[in-house]
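A look at the structure
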Amino acid sequence: MAKPWLVLACAAGAALVACTSLAYAVDTVPTWNTWYTPANLWFSALLAGPVIGLLFLHLARAGRRRYGAVLVAVSIVALAAGTVVLALHQQSLAGVANNELAASALVPGYGTAIVFHALAGTAGCICAALSLRSRRSRQATLALCGAGTLLLLTAVLVTRVEFYQLHLTVGF
């Protein structure tokens, strides 16, 4: 009975990310109305989500051996792809402006945030991967996976803050 609920929960999560990305498809906010926005949301979900799931598997003492490496691998791929999308988004801002200012002026620290995202994300993925080693105590395993989860959530939130500062409307 647990597997159908797991599938339903995953489908609900995917629907949430898809619908949330549609909320930013607003013609009057050109900095948000790009393909970078849904891509960034998906990569953020795939970066932090699997490691949060791994933390709960550790807490439940269930399935981490079978799924742990796959979950960490998904996070690593999402980190790499998401960092590229963030950098491409930053580069695209040079050509976006309204009557008042250029979009790039809204987020002068975007590049620094992207670097922080990559570094904190890498550290988080390393912590999550180290939590899979069987020679660790339960407390060390939970501490490593918990630290990895916090680092990944921080990496995501830092770039989300920059994204929200990009609210630039077409008019005044």
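In the block above lies the structure referred to throughout.
These figures come from a predicted structure and were not determined experimentally.

Thoughts on the overall build of the protein chain
What the protein chain contains, in helices and strands, is five helices and zero strands. Along the protein chain, helices (α) and strands (β) appear in the sequence α-α-α-α-α when read from the amino end. Its C-alpha atoms give the protein chain principal-axis dimensions of roughly 60 × 35 × 20 Å. The proportion of buried residues among the 172 residues of the protein chain is 35%. Taking the contacts inside the protein chain whose residues are at least 6 apart along the sequence as the reference set, 79% of them involve residues at least 24 apart. Counting every atom, the protein chain has about 9,300 Å² of accessible surface; 72% of that belongs to carbon and sulfur.

Notes on the environment of G82
Here G82 lies in helix α3 (residues 64–92). Classification of G82 as buried rests on a relative accessible area of 3%. Considering only alpha carbons, one finds G82 and T149, 67 residues apart in sequence, at a separation of 17 Å.

Regarding the packing of helix α2 (residues 36–60) against helix α5 (residues 138–164)
With their axes 9 Å apart at the nearest point, α2 and α5 run at an angle of 165° to one another. Judged by the inter-axis angle, α2 sits roughly antiparallel to α5. Handedness of the α2/α5 crossing: left-handed. Every residue of α5 that contacts α2 at T37, N40, L41, S44, L47, A48, V51, I52, L54, L55, H58 and L59 is listed here: R138, T141, L142, C145, G146, G148, T149, L152, L153, V156, R160 and F163. Its residues placed into classes, the contact of α2 with α5 shows 14 nonpolar, eight polar and two charged.

Here's the deal with the packing of aromatic side chains
One pass over the full model with this rule turns up seven aromatic pairs. A ring pair is formed by Y24 and W32, whose centres lie 5.1 Å apart and whose planes are at 85°; its orientation type is edge-to-face. No difference in accessibility class separates Y24 from W32, as the two residues are buried. Both rings, one in W32 and one in Y164, keep their centres 6.1 Å apart while their planes meet at 85°; by these two values the pair is edge-to-face.

Section: the side chain of S75
By the secondary structure assignment, S75 is in helix α3. A relative accessible area of 0% places S75 in the buried class. Those residues in contact with S75, other than ones at most four positions away along the chain, are L46, L47, P50, V51 and C125.

Here's the deal with the side chain of T149
Locating T149 in the fold gives a position in helix α5. Among the residues examined, T149 registers a relative accessible area of 8% and is labelled buried. Excluding anything up to four places from it in sequence, T149 contacts V51, I52 and L55.

Topic: the nonpolar core
Core analysis: the biggest nonpolar cluster contains 15 residues, and Y24, W32, L93, A103, V107, Y110 and L166 have the highest contact counts within it. When near neighbours in sequence (up to four residues on either side) are disregarded, L93 contacts T31, A103, S104, V107, Y110 and L166. The next biggest cluster of nonpolar side chains, apart from the first, holds 14 residues, and it includes L54, C125, C145 and V156.

A word on a nonpolar patch on the surface
A cluster of nonpolar side chains, contributed by W42, L46, V70 and V74, occupies part of the molecular surface with about 310 Å² of accessible area. Counting residues per element, the ones that place at least two in the nonpolar patch are α2 and α3. Relative accessible area serves as the criterion here: at 37%, L46 is assigned to the partly exposed category.

Quick word on the packing of helix α4 (residues 110–130) against α5
Look at α4 against α5: their axes get within 7 Å of each other, and the N-to-C directions meet at 165°. Regarding the angle of α4 to α5, the classification is roughly antiparallel. Taken as a pair, α4 and α5 cross one another with a handedness that is left-handed. Here α4 contributes Y110, A113, F116, H117, A120, G121, A123, G124, C125, C127, A128 and L130 to the contact with α5, which in turn contributes L144, C145, A147, G148, L151, L152, T154, A155, V156, V158, T159 and E162. Residues that form the contact of α4 with α5 fall into these classes: 17 nonpolar, six polar and one charged.

So, how was this worked out
- Residues numbered from 1 in each chain as written.
- Predicted model: local features only at pLDDT ≥ 70, side-chain atom pairs only at ≥ 80, totals over all residues.
- Heavy atoms only, no water.
- Helix = DSSP H or I, 4+ residues; strand = E, 2+ residues; numbered from the N terminus.
- Buried < 20%, exposed > 50% of the residue type's maximum accessible area, 1.4 Å probe, protein only.
- Contact = heavy atoms within 4.5 Å.
- Areas by Shrake-Rupley, 256 points an atom, 1.4 Å probe, with all protein chains shown as cover.
- Axes fitted to C-alpha atoms, helices over the stretch in contact; angles between N-to-C directions.
- Parallel < 35°, antiparallel > 145°, perpendicular 65-115°, else oblique.
- Left-handed = near helix turned anticlockwise from the far one by under 90°.
- Nonpolar A, V, L, I, M, F, W, Y, C, P; charged D, E, K, R; others polar.
- Phe/Tyr/Trp six-rings, centres within 6.5 Å; stacked < 30°, edge-to-face > 60°.
- Core = buried A, V, L, I, M, F, W, Y, C linked by side-chain atoms within 4.5 Å.
- Patch = residues over 30% accessible without salt bridge, like charges linked within 9 Å, V, L, I, M, F, W, Y side chains within 5 Å.
- Salt bridge = Lys/Arg side-chain N within 4 Å of Asp/Glu carboxyl O.

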